[in-house]
Amino acid sequence: MEKIQMVDLKGQYNDIKNVVNTSIQNVIENTAFINGPKVHEFQKNLEYYLGVKHVIPCANGTDALQIAMMGLGLKPGDEVITADFTFAATVEVIALLNLTPVLVDVNEDDFNINIEAVKKAITPKTKAIVPVHLFGQCANMEAILEIAKEHNLYVIEDNAQAIGANYTYKDGSKAKAGTIGDVGATSFFPSKNLGGYGDGGAIFTNDDDLAHTLRGIVNHGMYERYHHDVVGVNSRLDTIQAAVLDAKLPKLNSYNKARQNAAKKYNEAFANMKHVITPKVSNGCEKICDTCDCHVFHQYTLRLKGVDRDALVKHLSEKNIPCGVYYPIPLHSQKAYADERYNEADFPVTNQLVKDVISLPMHTELDDEQIEFITTTIIKFING
């Protein structure tokens, strides 16, 4: 059996080595390392894949979120509602812009932002909602859009973990994650479903005027060289990363399908385990069906009940099985973001999830032998 990796980037590279190497070599030979033709080619190909009018590439996913907020003209003191159970980048950019982060609880079953908590958190200072499509599936976007319309709020999608996932509306129509709100942001960090070989990110929008503003912000506020029309930053996707991403983009659907298949096998193995709660698939699905397109499993995250998680983590390590705890500390409890406004009683789900969750290896190269070894090891540990 091959050594089990949390994310097997080497195995994935071996499958596309010739295409990637040729793409990188072409960039090196034409020396257009910044804003080269491949950046624009990747941009157009990603726009077509997502069905969105504008993709604005940038340097990383955190910048993508920050630039999206800058482009919308949010001002210091404006309140931005987002999920408590996620990576810090989401709240980090809110704080960096001197906006006021308002953290709310998440759902127990899909880990995404809780709609009732969002409604409760709205004040006259609220200007935006940032749903995080955590672990690979969309938040309840239809409900979020209704709230935003009622209160005249922006919706900024944090799509760092769900690129390629579809959101299905009540009428059966579909849209790609990240293209539903006013603006979406994603990351191309190497471990993402569509990952580069370094940092990278992008912003998505169907708003022509906003897209124009964003394109200036990512490049020092310039539309014409040395003419700075807006306050900007230096956040460009370099051409080598664009070449890698453009080589991988045609494989994204198959990558996501491989993740879904691995998740399905995990679910089947744990089906009769009362101490293990497997991930729920949204859009009303009771299980991961063969046509599943709503969850792309950036992470495969279990909830444990009545199991010593830390002991299990230690046991898996001893068996050379990697795992992760995403996330061990709620954002509202982090030193950087602690605030007297927060009441522990408002975060019952998040406070429990940080004690219960464990993420198993999830990537495109997982094989049946590895999944069987992982699941058997966990089941034996739990059953004693």
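Definitions and limits used
Residues numbered from 1 in each chain as written. Predicted model: local features only at pLDDT ≥ 70, side-chain atom pairs only at ≥ 80, totals over all residues. Heavy atoms only, no water. Core = buried A, V, L, I, M, F, W, Y, C linked by side-chain atoms within 4.5 Å. Buried < 20%, exposed > 50% of the residue type's maximum accessible area, 1.4 Å probe, protein only. Helix = DSSP H or I, 4+ residues; strand = E, 2+ residues; numbered from the N terminus. Contact = heavy atoms within 4.5 Å. Axes fitted to C-alpha atoms, helices over the stretch in contact; angles between N-to-C directions. Left-handed = near helix turned anticlockwise from the far one by under 90°. Nonpolar A, V, L, I, M, F, W, Y, C, P; charged D, E, K, R; others polar.

**Q** Account for the nonpolar core, with residues named and values stated.
**A** Counting 37 residues, the largest nonpolar core has Ile81, Phe85, Ile113 and Ile144 as its most contacted members. Breaking this core down by element, the ones donating at least two residues are strand E2 (79–83), strand E3 (100–104), helix H5 (115–121), helix H6 (141–151) and helix H11 (348–356). Sorting elements by how many residues they give to this core places H6 first, with five residues. Among all residues touching Ile113, those that are not within four sequence positions of it are Ile81, Thr82, Ala83, Val104, Asp105, Val106, Asn107, Val118, Val130, Pro131, Ala139 and Ile144. If you look at the next biggest cluster of nonpolar residues, it comprises 27 residues, including Ile4, Tyr266, Val281 and Leu316.

**Q** Could you give an account of unusual backbone geometry, naming the residues involved and the relevant values?
**A** Omega for the peptide link from Tyr326 to Tyr327 comes to 20°, which places this bond in the cis form. Locating Tyr327 in the fold gives a position in the loop between helix H10 (309–318) and H11. Located in the positive-phi region is Phe111, a residue other than glycine, with phi close to 70°. Residue Phe111 is classed as buried on the basis of its relative accessible area, which comes to 6%. Phi at Tyr226 takes a positive value of approximately 70°, unusual for a residue other than glycine. Looking at where Tyr226 falls in the secondary structure, it is placed in the loop between strand E10 (222–224) and strand E11 (227–228). Residue class for Tyr226 comes out exposed when judged on its relative accessible area of 63%.

**Q** Which residues make up the packing of helix H2 (residues 37–50) against helix H8 (residues 239–248), and what are the values?
**A** Taken N-terminus to C-terminus, the directions of H2 and H8 make an angle of 40°; their axes are 8 Å apart at the nearest point. Here the hand of the crossing between H2 and H8 comes out left-handed. Note on element contacts: H8 touches H2 through Thr239, Ala242, Ala243, Leu245 and Asp246, opposite Lys38, Val39, Glu41, Phe42 and Asn45. A per-class count over the contact of H2 with H8 returns five nonpolar, two polar and three charged.

Taken by themselves, the reported measurements are silent on function.
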